[in-house]
Each structure stands twice: as structure tokens, then as C-alpha cells.
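# Coordinates in review
Read off the chains here:
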Amino acid sequence: TLIEHAEPEFNRRNQRVWLDRIEAEHANVREALAWLEQTGSAAAFLRLVTALLQFWWFQGQFAEAGRWFERAITCQGDAPPSLRLKALLGAARLAVTVGDADRAEALVQEAEALQVATDQTGSGRPPIALVASAVAMIRGDATRAASLAEEALARFRVAGDEFWLSIALGYGLYIARSGEVERGTALIEEALALDLARGDRYYAGVRLSD
């Protein structure tokens, strides 16, 4: 409950307070993860792992996060498809971050198959497109990366989730790298405005760097 309450706070004005609070509980969190994995409580295990992604991300603990996510996606049991999809995409994002394009691409393909099999509304598609865009950029295909980023952005504008919309807008970096510098820059600036309004200093810093 604590971690799930903290998850959205990691991207708001008091993110440093919440990062420090969860860091103080990190040893207990590891014990809880190990216990849930041993008891076979797949849904609870995946809930905790996926809720911790932003915490590990902001702390730069990509190796530890990657290990837990790899264990989570192989966990069998009662986890619903939406939670498994979230775990697959988290693992893919981490693989992208450490530059493992092959692993990220395999995870994206698995996520796509799960989404097609279980999600007829297509709600899982936008985040899949974002991760696939990042994989394409690692592969050096700026045109495909930009196309996938545009697809995700259009869907997130309709969905109205401001956090994910700002993430998608940040992929204006890929659009700029594909040759549309002015449009890409405008999207990054739009993302920066959303990040500042939300009080997300981490991603505001990323946008300024971009």
C-alpha cells in the first residue's frame, strides 16, 4: 500500500520526499519482494515490482530493477494480463536504458502478443509504441522511431493522462533527430511545461537537457 501510494508521487512536486521515504524502507522492500516471490503470490509480486520502477529509475538502480523485473515476468500465477503487460514494458524500458536492444525488442514483441490476445480496446498499445520507438532509435532507425513516437503521442493526447502525455511529448527528441527539428523542439517544450506544472523536477531536467 505504501509503495502504490508513493508511485504517482514520484512524479509530482514532493518527489524527493517520497524517494527518501522509500529509500529508508528499501531493505524492507527487498524482504517483501523476496517473500512474495517465494510464496508464489504472482499478482502481489508484480504489483510491488511494477510500482517500484520509477523509484529504482530515479535512484539509478537499473541493475537491481532489471533483476526484479526479469524475475517478475517469468512468475506464473494469478496476475491479470494488464499487470503482466506493465511488467513486460517496465522490463523493456530498463533494457533500453542499459542499451540492450535485442532484449528490449523481444520484450516488446511479447508485450504486443499479450496485448493482442487480451486487450481488444488497444489501451496497451500507446506505451508499447513508446518503448518500440526507443528500440528503433537504439537500432539507428530515426524515421521509424519518430513514426512510433507520433503514434503514441496521438493516442496519449486522446487518453488524457498528463504524465504519460509528457513522456510521449518528450519523444519529440526522436522527431527532432529524424530531421523535424522545429516540431521536435516544440514537443519537448510542451513536455517541459507539463513537467513544471506537475512539479516533476526530474523530467523537467531531462527536457531542458534535450
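Residues numbered from 1 in each chain as written. Predicted model: local features only at pLDDT ≥ 70, side-chain atom pairs only at ≥ 80, totals over all residues. Heavy atoms only, no water.

### Some points on the side chain of aspartate 200
Structurally, aspartate 200 can be placed in the loop between helix 13 (181-198) and helix 14 (201-209). Judged by relative accessible area, aspartate 200 falls into the buried class, the value being 1%. In this structure the side chain of aspartate 200 is engaged in a polar contact, spanning 2.9 Å, whose partner is the side chain of arginine 198. Reaching out from aspartate 200, the side chain makes a polar contact with the backbone nitrogen of tyrosine 203 at a distance of 3.1 Å. Aspartate 200 has contacts with Asn11, Arg12, Gln15, Phe163 and Asp195, leaving out every residue within four places of it along the chain. (Helix = DSSP H or I, 4+ residues; strand = E, 2+ residues; numbered from the N terminus. Buried < 20%, exposed > 50% of the residue type's maximum accessible area, 1.4 Å probe, protein only. Polar contact = N/O pair within 3.5 Å; in protein donor to acceptor, adjacent residues only side chain to side chain. Contact = heavy atoms within 4.5 Å.)

### Remarks on the environment of leucine 36
Summarising the element assignment, leucine 36 is placed in helix 3 (residues 26-39). On the accessibility criterion, leucine 36 (12% relative accessible area) is buried. In this structure, the C-alpha to C-alpha distance between leucine 36 and isoleucine 73, residues 37 residues apart in sequence, is 14 Å. With near-sequence residues (within four places) excluded, leucine 36 lies in contact with Ser41, Ala44, Phe45 and Leu48.

### Focus on helix 9 (residues 125-138)
Because the α-helix completes a turn every 3.6 residues, residues three or four places apart line up on one side. Along its 14 residues, helix 9 runs 20 Å from first to last C-alpha, staying within 8% of the 20 Å computed at 1.5 Å per residue. With 13 of 14 residues buried, helix 9 lies mostly within the body of the structure. Positive backbone phi, at 90 degrees, marks glycine 140, one or two positions downstream of helix 9. (Expected span 1.5 Å × (residues − 1).)

### Focus on helix 3
Helix length check: helix 3, at 14 residues, gives a terminal C-alpha distance of 20 Å against a target of 20 Å (1.5 Å per residue), a fit within 8%. Residues of helix 3 that are buried sit in contact with helix 1 (2-9), helix 2 (15-24), helix 4 (42-51), helix 5 (53-59) and helix 6 (62-73). Looking one or two places after helix 3, you find glycine 40, whose phi comes out positive at around 80 degrees.

### Some remarks on the packing of aromatic side chains
For the structure shown, the criterion picks out 11 aromatic pairs. Taking the centre distance of 5.6 Å and the plane angle of 70 degrees together, the rings of phenylalanine 163 and tryptophan 164 count as edge-to-face. One aromatic cluster is present, formed by Phe58, Phe156, Phe163, Trp164, Tyr202 and Tyr203 through successive ring pairs. Sitting over the face of the ring of tryptophan 68, arginine 71 holds its NZ or CZ atom 4.2 Å from the ring centroid. Looking at arginine 93, its charged tip hangs above the ring of tryptophan 57, at a distance of 4.6 Å from the centre. (Phe/Tyr/Trp six-rings, centres within 6.5 Å; stacked < 30°, edge-to-face > 60°. Lys NZ or Arg CZ within 6 Å of the ring centre and 35° of its normal.)

### Thoughts on the pattern of salt bridges
Applying the stated criterion across every chain yields a total of 15 salt bridges. A salt bridge links arginine 139 to aspartate 102, with the shortest nitrogen-to-oxygen separation between them at 2.8 Å. Residue arginine 139 is located in the loop between helix 9 and helix 10 (142-159), and its partner aspartate 102 is located in helix 8 (residues 101-118); the two are separated by 37 residues in the primary sequence. Relative accessible area serves as the criterion here: at 42%, arginine 139 is assigned to the partly exposed category. What makes aspartate 102 exposed here is its relative accessible area of 54%. With a closest N to O distance of 3.0 Å, aspartate 195 and arginine 198 form a salt bridge. In this pair, aspartate 195 and arginine 198 both sit in helix 13, three residues apart, roughly one turn of the helix. (Salt bridge = Lys/Arg side-chain N within 4 Å of Asp/Glu carboxyl O.)

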